[in-house]
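Observations on chain architecture
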Number of protein chains: 2
Amino acid sequence: MTLEVSSAVQDYAKAIYSLEQRCDGGAVSTNALAERLGVSAASASSMVKKLDGLGIVEHVPYRGVVLTGRGMNVALEVLRHHRLLERFLAEELGVPWDRVHDEAEVLEHVLSEELEELIAAKLGHPTIDPHGDPIPTADLKIVEPATVAMDGLEVGDSGRFVRVSDSDPEMLRYLGARGIAPGEPFEIVDKQPFGGPIFARFGDAGEAHPLGGRLAAAMRVEVGA
Amino acid sequence: MTLEVSSAVQDYAKAIYSLEQRCDGGAVSTNALAERLGVSAASASSMVKKLDGLGIVEHVPYRGVVLTGRGMNVALEVLRHHRLLERFLAEELGVPWDRVHDEAEVLEHVLSEELEELIAAKLGHPTIDPHGDPIPTADLKIVEPATVAMDGLEVGDSGRFVRVSDSDPEMLRYLGARGIAPGEPFEIVDKQPFGGPIFARFGDAGEAHPLGGRLAAAMRVEVGA
DNA sequence: GAATAAATTTAGCCTAGCCTAAAATCGTTT
DNA sequence: AAACGATTTTAGGCTAGGCTAAATTTATTC
């Protein structure tokens, strides 16, 4: 039951999925979609009409789109490809952490199901990618952890560092150089007032790292006991 | 100096290169190109005009095309991608010998130079692909061995099995199952008259294999001492 | 050298996705 | 409720790369 759609359709499904995750209000606006994909609003609008015809989304004119079950499967399929590839490129080929996203972005559209399976097996069927995001299972189930931005935490809070926004290579490099990787447990040990840095200790390291405003805002964490 | 061309242009360059190799007469006919690529002659003709404009080929109307230096580089670049990928898929991911070609066919167009280099390094900079065909070097040099079809040999002839035509998965499976791989030295030990099978011993195996007409015709060998 | 067969090119059309500019709709503000 | 700004949609066009059908050129055969 491979879903035969063009790579443009895959990109739209993926973007809609991601925007639905983010703003949990429901429908995704044409404008948000256009901006996300770097196309004009007119292009997004006409594509949305097509996606509706394909049964990928439900579109209420002027109201936005929602993924159908079928559309969700398209999105999760390509998301699985993307995240497996990121993991594979990082782990097996030593692609730098901040480059895996862009490489995976093009490969995800041409990965066959056979290759997907071979890669998953080679990696031992991993459940998270190098950014810490969950990899959908082969039957396209996924649990997105509920995360909050680290800059909203207070001293004494602790949890697990989940991921940093895909789109900032600089931050990925910065954290990578300090050995701070997704999955790490952490604890907030200090917080400066007036937008100053927040200090967090990761793993079992003795030393706490200062995390400035933009960085702390981009780091998503799962808060827990 | 990455050559920025569409994947259609890459496919044309690759096909022209391959046809130039085969029939060493010189120019490649529009018809042969069309048939090779599975498009109409009209499509090939209009694309050829475009390729000429891009400086990929020189086209003399009604006479055929010849790759330019630039076109040769496009072809060798994608050929390097293709053959490195075949090798990588077979060796690192265990893709069956008869499937590597089709997988590589789509991946070759989206492989970045960085990834190409990482893959080459991981494989130890191999010089032949799983079919026995030479892999162009990073600076796009290649030496295609002079081969003949095995069915033209006589008892007592010997040499090295180089490759079998890319396009026949059935033969690849058949040979693979018998442990006959590119690079193997061989010797002709018997030959039946009237188009009957030819018998060849491979490597240091004691037993000779019978190779029927179509198979022996598809197997390309380098004859030597 | 003329007729015909085969190869090649041209002409005209199609689809997917993108674009800009103009129209329509929505939501808000008076 | 009317008007304004923001969003969305429609209208019309563009490019890449296919297609078929018709014209043209080349090659061959009488």
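Treat the numbers as computed from the prediction; the structure is a model and nothing was measured. (Residues numbered from 1 in each chain as written. Chains lettered and ligands numbered in written order. Predicted model: local features only at pLDDT ≥ 70, side-chain atom pairs only at ≥ 80, totals over all residues. Heavy atoms only, no water.)

Quick notes on the relation of the copies chain A and chain B
Least-squares fitting of chain A to chain B yields an RMSD of 0.1 Å, with the transformation described by 0.0 Å of translation along the axis and a rotation of 180°. On this basis, the relationship between the two copies can be described by a two-fold rotation axis. Rotation axis and chain A: the residue whose C-alpha lies nearest the axis is Leu107 of chain A, separated from it by 3.7 Å. Here 100% of the interface residues in chain A have copies in chain B that are interface residues too; the copies meet face to matching face. (Least-squares fit on C-alpha atoms with pLDDT ≥ 70 in both. Contact = heavy atoms within 4.5 Å.)

Quick look at the domain arrangement of chain A
Residues and elements named next belong to chain A. Per the domain assignment, the segments making up chain A are domain 1 (1-144) and domain 2 (148-223). One C-alpha centre belongs to domain 1, the other to domain 2, and the line joining them spans 27 Å. Taken together, the contacts link eight residues of domain 1 with eleven residues of domain 2. When domain 1 packs against domain 2, close to 900 Å² is buried across both sides, 58% of that on carbon and sulfur atoms. When the buried surface of domain 1 facing domain 2 is broken down by residue, Trp97, Asp98 and His131 rank first, second and third, together holding 62% of it. Across the contact surface, domain 1 and domain 2 share one salt bridge. As a salt-bridge pair, Asp133 and Arg163 come within 2.9 Å of each other at their nearest N and O atoms. Connecting domain 1 to domain 2 are one residue pair in polar contact (both at pLDDT 80 or more). Here the side of domain 1 that touches domain 2 is built from residues that sort into two nonpolar, four polar and two charged. (Domains from an automatic or database assignment. Buried area = accessible area lost by both parts, 1.4 Å probe. Salt bridge = Lys/Arg side-chain N within 4 Å of Asp/Glu carboxyl O. Polar contact = N/O pair within 3.5 Å; in protein donor to acceptor, adjacent residues only side chain to side chain. Nonpolar A, V, L, I, M, F, W, Y, C, P; charged D, E, K, R; others polar.)

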